[in-house]
Amino acid sequence: MLVSIGTKNKAKTEAITNIVGNYLESIEYIQLDVPSNVSEQPFSDEETRQGAINRAENAFEKTSADLNFGLEGGVRMIDGNMYCCNWGALKLKDGTVLTAAGALFLLPEEVAKEIRAGKELGPVMDVYTNEKGIRHNKGAVGVFTANLVNRTEMFEHIVKLLIGQYFFKIGQQ
Ligand SMILES: O=P(O)(O)OP(=O)(O)OP(=O)(O)OC[C@H]1O[C@@H](n2cnc3c(O)ncnc32)[C@H](O)[C@@H]1O
Ligand SMILES: [Mg+2]
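Quick summary incoming for the structure in this document. (Residues numbered from 1 in each chain as written. Chains lettered and ligands numbered in written order. Predicted model: local features only at pLDDT ≥ 70, side-chain atom pairs only at ≥ 80, totals over all residues.)

What about the packing of helix H3 (residues 109-116) against helix H4 (residues 121-129)?
Packing of H3 against H4 brings their axes to within 10 Å, and their N-to-C directions diverge by 140°. For the element pair H3 / H4, the angle class is oblique. Read as a crossing pair, H3 and H4 show a hand that is right-handed. Counting all contacts with H3, which are made through Val111, Glu114 and Ile115, the residues of H4 involved are Leu121, Val124 and Tyr128. (Axes fitted to C-alpha atoms, helices over the stretch in contact; angles between N-to-C directions. Helix = DSSP H or I, 4+ residues; strand = E, 2+ residues; numbered from the N terminus. Parallel < 35°, antiparallel > 145°, perpendicular 65-115°, else oblique. Left-handed = near helix turned anticlockwise from the far one by under 90°. Contact = placed C-beta atoms within 7 Å.)

And the structure:
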């Protein structure tokens, strides 16, 4: 079975290979950078979800794989507070697109104000922590949960929701 991954981000890729590898056998992966066709920093659930769908669709266009994953991070406002939101999409060969959302967690005001000023969360987190490439490992979620939940783990939950929906669908056929 061919599985395409619409990103080269390490946290996202690991989440997909960890979960898919747990539930399916004889997998070949193709990893490719595809556009999300939304802003670099999505600003709502709608836009973040659409980014995940577009990545899955674009990965499918390029690979015609059996399972095509898109994962996208963004932010959304609730009652004046900025939350990081996370979405995933799984496109199947028959055209079906399954979607699922993951954790929402609060961003501190000093980070939120940088995002409102037009910056991207990834680079802002690197400045905030004085580290490089946070988005590829623990992520903002790792920083703001004292490493209790890292970005891979957060995306693993979304991938599990997607694979679970896929099993439910094929079980019904
Ligand atoms: O290479 P891609 O797949 O694009 O990976 P990415 O890290 O840029 O991830 P997204 O485009 O999905 O995320 C949108 C923005 O939010 C940032 N971001 C989202 N979640 C994050 C997290 O947990 N930690 C750090 N940055 C995060 C990310 O770096 C982008 O600036
Ligand atoms: Mg990105």
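Structural notes on the environment of Leu162
Mapped onto the secondary structure, Leu162 falls in helix H6 (residues 151-172). Among the residues examined, Leu162 registers 25 C-beta atoms within 10 Å and is labelled buried. In sequence terms Leu162 and His136 are 26 residues apart; their C-alpha atoms lie 21 Å from each other. Residue contacts for Leu162: discarding those within four places in its chain leaves Gly88, Leu90, Leu98 and Ala100. (Buried ≥ 20, exposed ≤ 12 C-beta atoms within 10 Å, placed from the backbone.)

Quick notes on the packing of helix H1 (residues 10-23) against H6
Relative orientation of the contacting elements H1 and H6 amounts to 45°, with a least axis distance of 8 Å. With respect to H6, the element H1 is oriented oblique. With respect to the hand of their crossing, H1 and H6 are arranged in right-handed fashion. Counted together, Ala11, Lys12, Glu14, Ala15, Ile16, Asn18, Ile19, Val20 and Tyr23 of H1 and Arg151, Thr152, Phe155, Glu156, Val159, Lys160 and Ile163 of H6 form the full contact between these two elements. Each residue belonging to the contact of H1 with H6 can be placed in one class, and the counts come to nine nonpolar, two polar and five charged. (Nonpolar A, V, L, I, M, F, W, Y, C, P; charged D, E, K, R; others polar.)

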